[in-house]
Amino acid sequence: YNPTATNLNAVSVEGNAANMNTNIDKAMVPDMEAYAAGYSTAFEELPFESCTPSQGTIPSDLVGTYFRSGPAMFSAGAVVPPKKSIVQPKQPPAPDGTDKERMVKHPFDADGGILGVTFSGDGKASARFRYVRTNAMTKERKKGKKLYSGMESTRMEGSGVANGLGNDFPVPMF
């Protein structure tokens, strides 16, 4: 599956009661490759990292911490635990898309992570990233496979869920 704007050249949208066909403006078609990049597994945690801007400078009056939480591991058991951990996987980690049985089919089924970026006011920043260690994540990490599928189960029920809307997410996650 590789959606591109060229695939959408012939797509049209049904109009209102006048039955008008309106072609979709290519400028309004989302960049699916960029969109999908937001749904790729972060394979390493980051305890602390000093950061410098790749372009420009950080304003000196920017002080505080930005937090982002959300889905971060889209392939069950994709991150190896520390060697000292009592939970060791039965299968090696699998990069996204290599084992479809381990991939989530909806981003809300992914394991969550928290990113923190702190701006100190001196033109520098520091970043941290950690996974939220839930019981479900620990069990999937130990088994090396996907065990839970909350959003998938309602999706499989089809039109009988949420007045026919269900939990459909039209783009495959791999």
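Being a predicted model, the structure only gives us computed values, none of them experimental.

**Let's talk about the overall build of the chain**
Phase 1: Each helix and strand counted, the chain has three helices and six strands in total.
Phase 2: Buried residues in the chain amount to 25% of all 174 residues.
Phase 3: Of the contacts made within the chain by residues no fewer than 6 positions apart, 69% connect residues no fewer than 24 positions apart.
Phase 4: Accessible surface, the chain: about 11,800 Å² in total, of which carbon and sulfur atoms supply 56%.

**So, empty space enclosed by the protein**
Phase 1: Applying the stated criterion to the full structure yields one cavity of 30 Å³ or more.
Phase 2: Here the largest cavity defines a volume of roughly 30 Å³.
Phase 3: Every residue along the wall of the largest cavity is listed here: Met73, Ser75, Ala76, Val104, Asp109, Ala110, Asp111, Glu140 and Lys146.
Phase 4: Residues of the lining of the largest cavity, tallied by class, amount to four nonpolar, one polar and four charged.

**Overview of the confidence of the model for the chain**
Phase 1: In this model, the chain carries an average pLDDT of 75, and 70% of its residues clear a pLDDT of 70 or more.
Phase 2: Overall, residues 1-21 carries pLDDT values under 50, and its contacts beyond four positions in sequence, including any with other chains, amount to 20 contacts.

**Structural notes on the environment of serine 60**
Phase 1: Note that serine 60 resides in the loop between β3 (46-51) and β4 (63-73).
Phase 2: Relative accessible area serves as the criterion here: at 54%, serine 60 is assigned to the exposed category.
Phase 3: Placed 62 residues apart in sequence, serine 60 and aspartate 122 show a C-alpha to C-alpha distance of 5.3 Å.

**A look at the pattern of salt bridges**
Phase 1: In total, this model carries one salt bridge according to the counting rule given.
Phase 2: In this structure, the salt-bridge partner of arginine 133 is glutamate 45, at a minimum N-O distance of 2.6 Å. Taken together, the positions of arginine 133 in the loop between β6 (125-131) and α2 (135-143) and glutamate 45 in the loop between α1 (32-37) and β3 put the pair 88 residues apart, joining distant regions of the chain.
Phase 3: With a relative accessible area of 47%, arginine 133 lands in the partly exposed category.

**Quick look at the sheet that holds β4**
Phase 1: The four strands lie next to each other as β3-β6-β5-β4, forming an open sheet whose pairing is antiparallel. With partners counted over all chains shown, the strands left at the sheet margins are β3 and β4, one partner each. Across the sheet, the mean angle from the axis of one strand to that of its neighbour is 15 degrees, orientation sign disregarded.

**Some words on the packing of aromatic side chains**
Phase 1: Applying the stated rule across the entire model yields two aromatic pairs.
Phase 2: Summarising the aromatic geometry, the rings of tyrosine 39 and phenylalanine 74 are spaced 5.8 Å apart at their centres and angled 80 degrees between planes, so their arrangement reads as edge-to-face. In this pair, tyrosine 39 sits in the loop between α1 and β3 while phenylalanine 74 sits in the loop between β4 and β5 (111-120), placing the two residues 35 residues apart along the sequence.
Phase 3: On the numbers, 5.2 Å between centres and 75 degrees between planes, the contact of phenylalanine 129 with tyrosine 131 is edge-to-face.
Phase 4: Residue classification places phenylalanine 129 among the buried positions, given a relative accessible area of 11%.

Rules behind the numbers
Within each chain, residues carry numbers counting from 1 in the order of the written sequence. Local features in this predicted model are restricted to residues whose pLDDT is 70 or higher, and side-chain atom pairs enter the listing and the counts only when it is 80 or higher, whereas totals over whole chains, interfaces and linings include all residues. With hydrogens and water stripped out, all remaining heavy atoms of the structure feed into the side-chain values. Secondary structure counts use DSSP, requiring at least four H or I residues in a row for a helix and at least two E residues in a row for a strand, with both numbered from the N terminus. Note on exposure labels: buried denotes an accessible area under 20% of the residue type's maximum, exposed denotes more than 50%, and partly exposed covers the range between, all computed with a 1.4 Å probe on protein chains only. Contacts are assigned to residue pairs that have any heavy atoms within 4.5 Å of one another. Accessibility throughout is a Shrake-Rupley quantity obtained with a 1.4 Å probe, and a residue counts as covered only by protein chains that appear here. With a 1 Å grid laid over protein atoms only, a set of points is called a cavity when a 1.4 Å probe fits there but cannot get out and a pocket when it is open yet has protein on both sides within 12 Å along at least five of seven lines; lining residues have an atom within 4 Å of a point. Grid points are joined across faces, edges and corners, and a volume is the space filled by probe spheres set on the points. Amino acids outside the nonpolar list (Ala, Val, Leu, Ile, Met, Phe, Trp, Tyr, Cys, Pro) and the charged list (Asp, Glu, Lys, Arg) are all regarded as polar, and Gly is one of them. A score from 0 to 100, pLDDT tells how confident the predictor is in each residue. The term salt bridge refers to a side-chain nitrogen of Lys or Arg lying within 4 Å of a carboxyl oxygen of Asp or Glu. Two strands make a pair as long as DSSP finds a minimum of two bridges between them. The axes used here are C-alpha line fits, helices contributing only the stretch in contact, and every angle between their N-to-C directions lies in the interval 0 to 180 degrees. Any Phe, Tyr or Trp ring, taking Trp's six-membered ring, that has another such ring centre within 6.5 Å forms a pair; planes under 30 degrees apart are called stacked, those over 60 apart edge-to-face, and the others tilted.

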